[in-house]
Every structure is written in structure tokens, then in C-alpha cells.
Amino acid sequence: MENNPSSSHHGISILAMIKLLRPKQWIKNSFVLAPLAFSGLFLDGAAIKAALIAMLYFCAASSATYILNDYQDIERDRQHPKKSKSRPLASGEVSTSQAAVLLLMLYGFICTSYFFSPSVTWILLIYMLQNIAYTYILKHQPVIDIFLIAIGFVLRVYAGAFVLDVPVSSWMFSTTLCLALYLASIKRLQELQQSGQDGRSVLKYYTPKLVERYAEMSATGALLFYSLFVITNQPQMAITIPIVLFGLFRYWFIVDTQDGGESPTDALLSDWQILLTILVWISTCLWILAQSHV
């Protein structure tokens, strides 16, 4: 593919390079926008622009992390029935040298974030260092691996808050952490159920019953902290609690009946009820918050 100059092969290479970035996963970076919404600054054009730029930098940082992880796991992925075909490095669609060039370009772009917001740069640096530690060492450590995945979501929220110079409330921190722990636990549960303890090395330390307990505790915590936030800070948003509860129920239904939890993004994009629930929740929250900030 690399030696053939034909346009068709070149096109396939470009598509494979885009695939290597995992753009579908960028939806996770929408957590950066949470402080924009709950601070009421979503009506401010400058604040919207700043939050979107911070989200763009996180998209670059997360893609860099995926490339590094795919490079580290290339041999294991080549033995995997699905990843050997779906991962560009493992399938040979993208060479390691091409991936290295793309990774350096992403790192170069991320460095420019210092001129945008030094505080966001520090968050990005912490995020990337954490993921490097996860990729090479800590993904083999039980419980720590789940918490590191969750901390990545918390860092996204802090990046969104720092760029807007607004505080992260204890409620937002607790809710985000618990929700992310829930998603990470469900991911491990699906990996156990689909691949057994051979799917990844850390799975040998887990059992389905244990990970289900983690997921139940985290989901309960997320709902509890969100409800307490609504009741104490925005009582008019109490109408959104049933929406959140339905979303949690629906997601668990997808996981249990359709094996959709290994990739939360795929589960989100493939189920119209989950999508509609999120849209209704976002619309309701923004409408209520807009009224309270008029």
C-alpha cells in the first residue's frame, strides 16, 4: 500500500489514518462542555468558543492516546478475532512509521494549547501522562485500571472549567466520577462475558459478580449525587432525575441483552432510545438553566 502511488490506495490509506484516530470516540470529550452548561455560560459566544477549542484539544490528546495504545497492543490485537481486522495497525492498513508521524503531528498540535490556555495544557499533560502509565504499566493492575479510565473523564470536566475560569462543584466531580466508574465497570464486565479472562491480562483478577457490584455501586452513586445536586442547587431541574434514571436503565438493558457495553460509544450511537434520552435531558437542562440565568 505504501509503495503504490495510485490514488485509490492513497485514499484507502487516508481513511485508515482517520480510523486510527477513532473519531467516534471523540463523543467522550463532550464532558469538557459540562461546566459550560451548568455555569450558565452557554449563552455567551466567547465562552462557547473557548469550550469548543478545549474540547478540540482533548480530541487530539485522546487520539494520540489511542495510537500509542494500538502500537503497544499491536501483537496482541493481531491475535484477536475482531481487533485484527478493525484496528488499522494490527490489520496492516497503517504502518508503524505512518502512525508515528501522525502521533508526532498530534503532539505538536497539543503543544499549541499553551498559547490558548496554559491551565488546559497542564490538564492535557496530566491526561496524557496518566494514559502512558496506563498503557505500559497500570492497565494490568486491577481496580486501578478502572479508576484511571474514570479519572480521564474527570480531567475533561476540569479542562472545561479551567478554560472558562469557573469552579467545579463537588457535586459535578462526584457525579462525573461515579458515572465514569459505571461505564468503565460495564466495559470490563462485557470483556469478561465476551472474551473471558483471556481478553486482556487484568481480567484474570476479576469475576463477573465482582464487576457487577462495582457497576451497581457506581450507578447508584451517580444517580444519588446528581439528585442531591439538583435538589440543593437547582430544584427546578428535578424533572430531569427520571430522565437520567431511564437512561441508566436503558443502557444496562442494552448491555445485558445486546452485549453493547464493551464500547459505550457504540451503544450510544446504535440505540435511538439512548440518543433520544440524552437529547431530551440536554434540552431540558439547557432550557431550565437558561431561564434561571435570564
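Just above, that's the structure.
Source: prediction; values computed, not measured. (Residues numbered from 1 in each chain as written. Predicted model: local features only at pLDDT ≥ 70, side-chain atom pairs only at ≥ 80, totals over all residues. Heavy atoms only, no water.)

Student: What am I meant to see in the overall build of the chain here?
Tutor: Of the regular secondary structure elements, the chain holds 15 helices and zero strands. Computed over its C-alpha atoms, the radius of gyration of the chain comes to 20 Å, within 12% of the 19 Å expected for a compact globule of 294 residues. Across the 294 residues of the chain, 48% fall into the buried class. Long-range contacts, defined here as pairs at least 24 residues apart, represent 69% of the contacts in the chain between residues at least 6 apart. (Helix = DSSP H or I, 4+ residues; strand = E, 2+ residues; numbered from the N terminus. Rg over C-alpha atoms; globule rule 2.2 N^0.38 Å. Buried < 20%, exposed > 50% of the residue type's maximum accessible area, 1.4 Å probe, protein only. Contact = heavy atoms within 4.5 Å.)

Student: Looking at this structure, how should I read empty space enclosed by the protein?
Tutor: Picture a little ball the size of a water molecule; that probe, rolled over the atoms, points out where space is still empty. Counted according to the given criterion, the structure contains two cavities of 30 Å³ or more. Its boundaries defined by the atoms lining it, the second largest cavity holds a volume of some 50 Å³. Lining the second largest cavity are Ala-61, Ala-64, Thr-65, Leu-68, Tyr-107, Met-128, Asn-131 and Ile-132. Elements supplying a minimum of two residues to the lining of the second largest cavity: helix 3 (45-72) and helix 9 (118-136). Counting residues per element, the lining of the second largest cavity draws most heavily on helix 3, which supplies four residues. Taken together, the residues of the lining of the second largest cavity break down into six nonpolar, two polar and no charged. (1 Å grid on protein atoms, 1.4 Å probe; cavity = no way out; pocket = protein on both sides within 12 Å on 5 of 7 lines; lining within 4 Å. Points joined across faces, edges and corners; volume = space filled by probe spheres on them. Nonpolar A, V, L, I, M, F, W, Y, C, P; charged D, E, K, R; others polar.)

Student: Can you help me understand helix 10 (residues 144-164) in this one?
Tutor: Structurally, the α-helix is built with 3.6 residues per turn, so residues lying three or four positions apart point the same way. Taking 1.5 Å per residue as the helical rise, helix 10 with its 21 residues ought to reach 30 Å, and the 30 Å between its terminal C-alpha atoms agrees with that figure. Among the 21 residues in helix 10, 15 count as buried, and that is most of the element. Backbone geometry just downstream of helix 10 places Asp-165 in the positive-phi region, at approximately 60°. (Expected span 1.5 Å × (residues − 1).)

Student: When you look at the side chain of Arg-22 in this model, what are you seeing that I'm missing?
Tutor: Its location among the elements puts Arg-22 in the loop between helix 1 (7-20) and helix 2 (34-38). Assessed through its relative accessible area of 19%, Arg-22 is described here as buried.

Student: How should the state of the cysteines be read in this particular structure?
Tutor: Under the criterion given, the structure shown has zero disulfides. Free of any disulfide, Cys-285 has its nearest cysteine sulfur in Cys-178, 18 Å distant. (Disulfide = S-S within 2.5 Å.)

Student: Sorry if this is basic, but what is going on with the layout of surface pockets here?
Tutor: Space inside the second largest pocket adds up to approximately 170 Å³. Lining the second largest pocket are Val-143, Ile-146, Phe-147, Cys-178, Leu-181, Ser-185, Tyr-214, Met-217, Ser-218 and Gly-221. Examining the composition of the lining of the second largest pocket, we find that four residues originate from one element, helix 12 (residues 208-233), more than from any other. Within the lining of the second largest pocket, the residues separate by chemical class into seven nonpolar, three polar and no charged.

Student: Any chance you could explain the pattern of salt bridges here in plain terms?
Tutor: For side chains bearing opposite charge, pairing can occur when the charged atoms are close. For the structure on display, the rule yields ten salt bridges. Put simply, Glu-75 and Arg-78 hold a salt bridge, and the shortest N to O gap is 2.9 Å. One end of the pair is Glu-75 and the other is Arg-78, both in helix 4 (residues 74-78) and three residues apart, which spans about a single turn. Ionic pairing is found between Lys-187 and Glu-191, a salt bridge with its closest N-O pair at 3.7 Å. On the criterion of helical spacing, the pair formed by Lys-187 and Glu-191 is a turn pair, its members being four residues apart in helix 11 (residues 170-195). Judged by relative accessible area, which is 23%, Lys-187 ranks as partly exposed. Each of Arg-22, Asp-70, Asp-77 and Arg-87 takes part in a single network of salt bridges with overlapping partners. (Salt bridge = Lys/Arg side-chain N within 4 Å of Asp/Glu carboxyl O.)

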